[in-house]
Amino acid sequence: MKRSTKIGTAILVFFLIITIVIVGRTMIGNHFKKKFSKRPPPGIIVTEVVAKNFSQKVSTYGTAIPFRTKSYKIEKYEIVNPIEFNKKLKKGDLITKLKTRNLIAAFDGVVTKRDFSNDIKVSESSLLIQLEDTSTIYVDVNIPELYSSFIKENLNVDVKFSGNSEKIYSGVVDSTAGRIDVDTRSLAIRIKLENDNFEILPGSLLEIIVKYNERNSMSIPDTSLIMEGNKTYVYKVAEDNVTNKAEVIIGIRDSGFIEVVSGLVNGDNIVAEGLKKVRPRGKIKPIKK
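Described below are features of the structure shown in this document. (Residues numbered from 1 in each chain as written. Predicted model: local features only at pLDDT ≥ 70, side-chain atom pairs only at ≥ 80, totals over all residues. Heavy atoms only, no water.)

1. Concerning the overall build of the protein
In step 1: Across its full length, the protein holds one helix and 17 strands.
In step 2: Per-residue burial over the protein gives 33% buried out of 289 residues.
In step 3: Long-range pairs, those at least 24 residues apart, make up 68% of the contacts in the protein between residues at least 6 apart in sequence. (Helix = DSSP H or I, 4+ residues; strand = E, 2+ residues; numbered from the N terminus. Buried < 20%, exposed > 50% of the residue type's maximum accessible area, 1.4 Å probe, protein only. Contact = heavy atoms within 4.5 Å.)

2. Here we look at the side chain of Asp158
In step 1: Examined against the element boundaries, Asp158 turns out to sit in strand 8 (residues 156–161).
In step 2: Judged by relative accessible area, which is 17%, Asp158 ranks as buried.
In step 3: Beyond its immediate chain neighbours, meaning those up to four positions away, Asp158 contacts Ile168, Tyr169, Glu207, Ile208, Ile209 and Lys211.

3. Remarks on unusual backbone geometry
In step 1: Unlike most non-glycine residues, Asn241 shows phi in positive territory, near 65°.
In step 2: By the secondary structure assignment, Asn241 is in the loop between strand 13 (231–237) and strand 14 (243–254).
In step 3: The backbone of Ser255 sits at a positive phi, close to 55°, despite the residue not being glycine.
In step 4: Position of Ser255 among the secondary structure elements: in the loop between strand 14 and strand 15 (257–262).
In step 5: Ser255 gets classed as exposed once you look at its relative accessible area, which sits at 63%.

4. Looking at the layout of surface pockets
In step 1: Considered as a void within the structure, the largest pocket measures approximately 150 Å³ in volume.
In step 2: The wall of the largest pocket is formed by Asn86, Lys88, Val110, Thr112, Glu132, Thr134, Asn195, Phe198, Ile200, Leu201 and Pro202.
In step 3: At the level of secondary structure, the elements contributing two or more residues to the lining of the largest pocket comprise strand 6 (109–114) and strand 7 (126–144).
In step 4: By residue class, the composition of the lining of the largest pocket is five nonpolar, four polar and two charged. (1 Å grid on protein atoms, 1.4 Å probe; cavity = no way out; pocket = protein on both sides within 12 Å on 5 of 7 lines; lining within 4 Å. Points joined across faces, edges and corners; volume = space filled by probe spheres on them. Nonpolar A, V, L, I, M, F, W, Y, C, P; charged D, E, K, R; others polar.)

5. Topic: the packing of aromatic side chains
In step 1: Summed over the entire model, instances satisfying the criterion amount to three aromatic pairs.
In step 2: Consider the rings of Phe67 and Tyr138, whose centres lie 6.1 Å apart with planes at 35°: the pair is tilted. Of this pair, Phe67 sits in strand 2 (residues 50–75) while Tyr138 sits in strand 7, and the two are 71 residues apart along the sequence.
In step 3: Taking the relative accessible area as the measure of exposure, Phe67 reaches 37% and is therefore partly exposed.
In step 4: Plain terms: the ring middles of Phe150 and Tyr212 are 4.9 Å apart, the flat faces sit at 20° to each other, and that makes the pair stacked. Here Tyr212 lies in strand 11 (residues 205–221) and Phe150 lies in the loop between strand 7 and strand 8, a separation of 62 residues in the sequence.
In step 5: Overall, the relative accessible area of 35% leaves Phe150 in the partly exposed class.
In step 6: Feature note: the residues Tyr147, Phe150 and Tyr212 constitute an aromatic cluster, connected by ring pairs.
In step 7: Positioned above the aromatic ring of Phe54, the side-chain terminus of Lys52 is 4.9 Å from the ring centre.
In step 8: One residue, Arg190, lies across the ring of Tyr138, its end atom 5.1 Å from the ring centre. (Phe/Tyr/Trp six-rings, centres within 6.5 Å; stacked < 30°, edge-to-face > 60°. Lys NZ or Arg CZ within 6 Å of the ring centre and 35° of its normal.)

6. Examining the pattern of salt bridges
In step 1: Applying the stated criterion across every chain yields a total of 13 salt bridges.
In step 2: Among the salt bridges present, the one from Glu78 reaches Arg101, with a minimum N-O distance of 3.5 Å. Of this pair, Glu78 sits in the loop between strand 2 and strand 3 (88–89) while Arg101 sits in the loop between strand 4 (94–97) and strand 5 (102–104), and the two are 23 residues apart along the sequence.
In step 3: Classification of Glu78 by relative accessible area gives buried; the value is 11%.
In step 4: Look at Arg101 and you get partly exposed, because its relative accessible area is 37%.
In step 5: Here Asp140 ties to Arg190 by a salt bridge, and the two come within 2.6 Å at their closest N and O atoms. Within this pair, whereas Asp140 is found in strand 7, its partner Arg190 is found in strand 10 (residues 186–194), the two being separated by 50 residues in sequence.
In step 6: Judged by its relative accessible area of 38%, Asp140 falls in the partly exposed class.
In step 7: Looking at Arg190, the relative accessible area reads 31%, which means it is partly exposed.
In step 8: Taken together, the shared-partner salt bridges connect Lys52, Lys57 and Asp254 into one network. (Salt bridge = Lys/Arg side-chain N within 4 Å of Asp/Glu carboxyl O.)

Laid out in structure tokens, this is it:
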């Protein structure tokens, strides 16, 4: 074989080897790139669209007033038997026996004590006691004139009592004044609530939340909203776990939930949290909230 032919063959083999190495490395690189770049879909918290009660609210404060009260003024020297205060009595029960008469409960209630002021001389010799029926509590409050057209009798009211902050008591608007107070520019209303367990004491400061325009609407968590300009979107989750943006029209906010006026129906699944990990037409791994 001629020398030139040998050199040509060697060069050809060299470039063939180089080509095989390059092609092999490219194929191996593509294989591992494809293998490791295929990440699993992110786990995203989703929730189902359900109906919830929404309402607009106006809050104020008022003092607890017992349903009815009867006062008794007695002289201390007339008392034969000691009076048991804070004791529940039935109508007709004996409150106390006096030298000249017996004090009888005019209705079901609790006997409480009220002392005269120290500057009144008779306080040393006299005693003022009260029979209070606290099975029902009234609260008189003033509502700003701005809300007067919305406040009607029998509206539902939430009542909070600092003595039991974990509980919300239910009441209603019992009555409303017939005119606006010109000095305070407010409407006087009376709230009524049942106090069957006698948990609320007369004189307690109560937080009153009057609810109006109550309705049942579709609701979503406020963490699921996407705001873009003057439009609002959510990510709906399809049956194949693919997410798509959907425009919604929202109403009021209430306790971490948003009212949905249109754009969703009962039973739709939406992304509740983790919006930064979601992309339109992207696949996710749903985690039910």
